[in-house]
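Read off the chains here:
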Amino acid sequence: MASCKPKAAPVTPVGDYSGKVVIDPINRIEGHLRIEVEVENGRVKNAWSSSQLFRGLELILQGRDPRDAKHFTQRSCGVCTHTHALASTRCVENAIGVDKKIPETGVMLRNMLLGAQFMHDHIVHFYHLHALDWVDVVSALSADPKKSADLANGAGLGHRKHTVKELEETQARLKKFVGSGQLGIFSNAYFLEPHPAYKLPPELNLLATHHYLQALKLQLLPARMMAMIGGKNPHTQSLYEGGITCYDILKKENLKKFKALYQETMTFVNDTYWPDIKAVAPYYLDWGAIGRTTHFMSCGEFPTNEGDPSTRFMPSGVIYNRDISKVEEFDGKYIEEGVKYGWYEDGDPKHPWKGETKPMYTDMDHMTSEDTRKYSWMKAPEYDGKSTEVGPLAQVLVAYGKNHEPTVKLVNQLLSHLGVGPEALFSTLGRTAARCIETKVVGDEMLKWITTVEKNVASGKAEIIAPFEMPDKAYGVGFVNAPRGTLSHWIEIEGGKIKNFQLVVPSTWNLGPRRDDGTLGPTEEALIGTPVADPKRPVEILRTVHSYDPCIACGVHVIDPKSNEVYKFKVC
């Protein structure tokens, strides 16, 4: 039987470089990210995460009808659009008091829509935004397709059966790319020459590349699922305060189509995505100690009652100091945002309901660790005064600590397979695996939501919206555990209009700058100690940054501070 486990997982090599490495931009649809690190003897000693784009959506919303918020806020991102619409809708519902009155079918349809977004985002992230940090595509050219097929078919990981012919066809496509002097969709200078940080054997590189190409087509299915309930995709139109207005999905033939798309997507998750995680991870076990942060938080997700957070399928909670034996209860009153290191007018950290958005750009030149240096358009969120990671890893850790049965089952299965303990979860490797675990857990639960809607439609009890009246004055908050993590929208209504609106988004939590007391943001903290074998090709830095899913870099510029030479290369 073929085995995916290496005899001894090699340790990521460390170079002898000392100096600064700048990766700018690491692009994403919602903005541009710059990462600057200080390297000493081949390891990251200090780091700065800088958001390079100011949008000002919170200012645009002032004076508008609260019901307009969902249409504006989902334009803050071209990927997680629906999650912003849902957060804004929940925010207004909380303010007007209709959140607990939404009919069951309406809640289940919302869960199905958000669940489809999770499936789409996590599949795309692993294969198209993150996999090439671990997979050497050019190495696949030297693979034996038969051995690749044997690996997939005999490793006991759960892969669907692969034929030698399909892997030969993938290898032939790669040869055409390379033979033309280009790598096409895989264009990435890391792969033009061997890089010591890549550890997979050629056969596994070929198998992973084959799945990369399959995922390009597969991701269309959950996108269609979103459009069936959302009215369109990526910017959904069906959410409305008090429920959802997607009456067309209630037709039996449309529910049947949705269910078929769901089942085909989950087949890929179970037979390809999950086995790939188990196949690749053993070669990078040292990354179970790289990319670590300290505190974690999740607001939970997928309720049966929108107005009662305790009914959410994925539980909420807070973990301090990596102690998963003690999960504290989540409470939004402990959230504040600081601006000392952001390009905003100075002031004390504020709760979002009291939040201000007063831009004040200074400069980026000679960015250092000086106490007064501003270097990002992001604010610095904190929970209970602490820099806190959100996202799939935080959600999986909270669920694991709370003995959430489906999560515990999958986490223990993976830890047993890798031969490591829970401490390995607090890492870049754990962060990457947690996305797949979250995808499976949410995906499996979706069948129950679909079944509930089917039963309600059959019984004639398929109400999907509740009436409401807009108050003259009110405060509201909407929490959504988006694919990237805890998202919250905060509203103050006065005169029936939006007086103040604040977004505290997952990327701000994870990629924001230092807190006012100098504590590093989660990504900055996670980068400390990262080995850098080659400063001209800092793939190790990208592994940790991409594990937070800030979308994908279109270009990387590494500057040698001694020679002032600028190295430019493309990144897939």
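Looking at an unreviewed UniProt entry, the protein carries the name Periplasmic [NiFe] hydrogenase large subunit, with the source organism given as Desulfobaculum bizertense DSM 18034. Under the UniProt heading Subunit (unreviewed entry), the note attached to the protein is "Heterodimer of a large and a small subunit." Taken verbatim from the UniProt record of the protein, the Sequence similarities (unreviewed entry) comment is "Belongs to the [NiFe]/[NiFeSe] hydrogenase large subunit family."

Re helix 8 (residues 220-230)
Every buried residue of helix 8 is listed here: Leu 221, Pro 222, Ala 223, Met 225, Met 226, Ile 229 and Gly 230. Turning to helix 8, the residues buried within the fold contact helix 3 (81-96), helix 4 (104-130), helix 7 (202-218), strand 5 (243-244), helix 9 (252-280) and helix 12 (428-459). Positive phi appears at Gly 231, one or two residues downstream of helix 8, with a value of about 90 degrees.

Observations regarding the UniProt feature "binding site: Fe cation" (unreviewed entry) in the protein
In the numbering used here, UniProt assigns the "binding site: Fe cation" (unreviewed entry) feature to Cys 80 and Cys 554. By secondary structure assignment, the location of Cys 80 is in the loop between helix 2 (69-73) and helix 3.

Some thoughts on the UniProt feature "binding site: Ni(2+)" (unreviewed entry) in the protein
As annotated by UniProt and renumbered to match this structure, "binding site: Ni(2+)" (unreviewed entry) occupies Cys 77, Cys 80 and Cys 551. Look past the residues within four positions of Cys 80 in its chain and what remains in contact with it is Gln 117, Asp 121, Pro 483 and Arg 484.

Description of the sheet that holds strand 10 (residues 473-482)
With respect to topology, three strands assemble into an open sheet ordered 10-11-12, the strand pairing being antiparallel. Looking along the sheet, the strands with just one partner apiece sit at the ends: strand 10 and strand 12 (497-504). Direction aside, the axes of adjacent strands within the sheet are offset by 15 degrees on average. Alignment of strand 11 (residues 485-494) against strand 12, held across seven bridges, turns out to be antiparallel. Across the sheet, the residue bridging to His 489 is Leu 503, located in strand 12.

Side note on the environment of Met 360
Here Met 360 is to be found in the loop between strand 8 (335-338) and strand 9 (380-383). Given the relative accessible area of 33%, Met 360 is considered partly exposed. When the C-alpha atoms of Met 360 and Asp 346 are compared, they prove to be 8.8 Å apart, with 14 residues separating the residues in sequence. Once residues lying within four places of it in the same chain are set aside, the contact partners of Met 360 are Trp 343, Tyr 344, Glu 345, Lys 374 and Trp 377.

Topic: the packing of aromatic side chains
In the structure shown here, the tally under the stated rule is 21 aromatic pairs. With a centroid separation of 5.5 Å and an interplanar angle of 55 degrees, the aromatic rings of Phe 296 and Phe 426 are classed as tilted. Here the residue Phe 296 occupies a position in strand 6 (residues 296-298), and Phe 426 occupies one in the loop between helix 11 (405-418) and helix 12, the gap between them amounting to 130 residues. Phe 426 shares its class with Phe 296; the two are buried. Ring plane angle 50 degrees and centroid distance 4.6 Å describe the contact between Trp 343 and Tyr 361, whose orientation is recorded as tilted. Within this pair, whereas Trp 343 is found in the loop between strand 8 and strand 9, its partner Tyr 361 is found in the loop between strand 8 and strand 9, the two being separated by 18 residues in sequence. Look at Trp 343 and you get buried, because its relative accessible area is 1%.

Side note on the packing of helix 10 (residues 392-401) against helix 11
Contact geometry for helix 10 and helix 11: axes closest at 9 Å, N-to-C directions at 105 degrees. Considered as vectors, helix 10 and helix 11 are oriented roughly perpendicular to each other. Together, Val 396, Ala 399 and Tyr 400 of helix 10 and Thr 407, Val 408, Val 411, Asn 412 and Leu 415 of helix 11 make up the contact between the two elements. Along the lines of polarity and charge, the residues of the contact of helix 10 with helix 11 split into six nonpolar, two polar and no charged.

Overview of the nonpolar core
Counting residues in each nonpolar core, the largest one holds 120 residues, and the members touching the most others are Leu 109, Met 112, Ile 229 and Tyr 284. Excluding residues that lie within four positions of it along the chain, Ile 229 makes contacts with Leu 109, Met 112, Leu 113, Ser 238, Ile 244, Cys 246, Ile 249 and Phe 258. Counting 16 residues, the second largest nonpolar core, distinct from the first, contains Tyr 17, Val 37, Ile 541 and Val 545.

So, how was this worked out
Residues numbered from 1 in each chain as written. Predicted model: local features only at pLDDT ≥ 70, side-chain atom pairs only at ≥ 80, totals over all residues. Heavy atoms only, no water. UniProt positions renumbered as here; feature names shortened; annotations may be inferred. Buried < 20%, exposed > 50% of the residue type's maximum accessible area, 1.4 Å probe, protein only. Helix = DSSP H or I, 4+ residues; strand = E, 2+ residues; numbered from the N terminus. Contact = heavy atoms within 4.5 Å. Pairing = 2+ DSSP bridges. Axes fitted to C-alpha atoms, helices over the stretch in contact; angles between N-to-C directions. Phe/Tyr/Trp six-rings, centres within 6.5 Å; stacked < 30°, edge-to-face > 60°. Parallel < 35°, antiparallel > 145°, perpendicular 65-115°, else oblique. Nonpolar A, V, L, I, M, F, W, Y, C, P; charged D, E, K, R; others polar. Core = buried A, V, L, I, M, F, W, Y, C linked by side-chain atoms within 4.5 Å.

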